[in-house]
Amino acid sequence: AQQPGTPLSDQEYHQFFRSLRVAHRASTACLFRMLYGCQHPMIQRLDEYENHGVIPEGPICSALPGTPFFHDFCTFSFYRCTRKKYFIKV
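Residues numbered from 1 in each chain as written. Predicted model: local features only at pLDDT ≥ 70, side-chain atom pairs only at ≥ 80, totals over all residues. Heavy atoms only, no water.

### Some thoughts on the confidence of the model for the protein chain
Counted only if it meets this: Every residue carries a pLDDT, the predictor's confidence in it, which falls somewhere between 0 and 100. Strands are runs of DSSP state E lasting at least two residues, helices are runs of H or I lasting at least four, and both sets are numbered from the N terminus onward.
Here the protein chain shows a mean pLDDT of 83. Residues at 70 or above account for 90%. For the protein chain, per-element mean pLDDT is lowest for helix H1 (residues 10-21), which scores 75, and highest for helix H3 (residues 41-50), which scores 92.

Below, the structure written as structure tokens:
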């Protein structure tokens, strides 16, 4: 069992996003996030699922060149959505 608040493994990410890939569901989830924000219950459930039940508090560290950290998980998720890089982990 993973520790609460830790990111999903590569295999878990594959499973997590597999359901979102069908018919552009990933971009739909991102659009929903942009329209309603990270405080919407559905978005919070997705974020919790992605992080083993706990949405990490900021700052969120990143291995991305030029973007070493994000203020919080919500900011990180918006970054992934706007860049269409759904599989980026921290």
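So much for the structure itself; the text now carries on.
### Overview of the nonpolar core
Burial of nonpolar side chains together is a common tendency in soluble globular proteins. The test is simple: Buried Ala, Val, Leu, Ile, Met, Phe, Trp, Tyr and Cys residues form a nonpolar core when they are joined through side-chain atoms within 4.5 Å. Exposure categories follow from relative accessible area, calculated using a 1.4 Å probe and restricted to protein chains: below 20% of the type maximum is buried, above 50% is exposed, and the middle band is partly exposed. Whether two residues touch is decided by their heavy atoms; if any such pair falls within 4.5 Å, the residues are in contact.
Counting eight residues, the largest nonpolar core is built from Leu8, Tyr13, Phe16, Phe17, Ala26, Cys30, Cys81 and Tyr86. Counting only elements with at least two residues in this core, the list comes to H1 and helix H2 (25-36). Ranked by residues supplied to this core, first place goes to H1 with three residues. With residues up to four places along the chain from it excluded, the contact list for Leu8 reads Tyr13, Phe16, Tyr49, Glu50, His52 and Lys89. The next biggest cluster of nonpolar side chains, apart from the first, holds seven residues, and it includes Ile60, Phe76, Tyr79 and Ile88.

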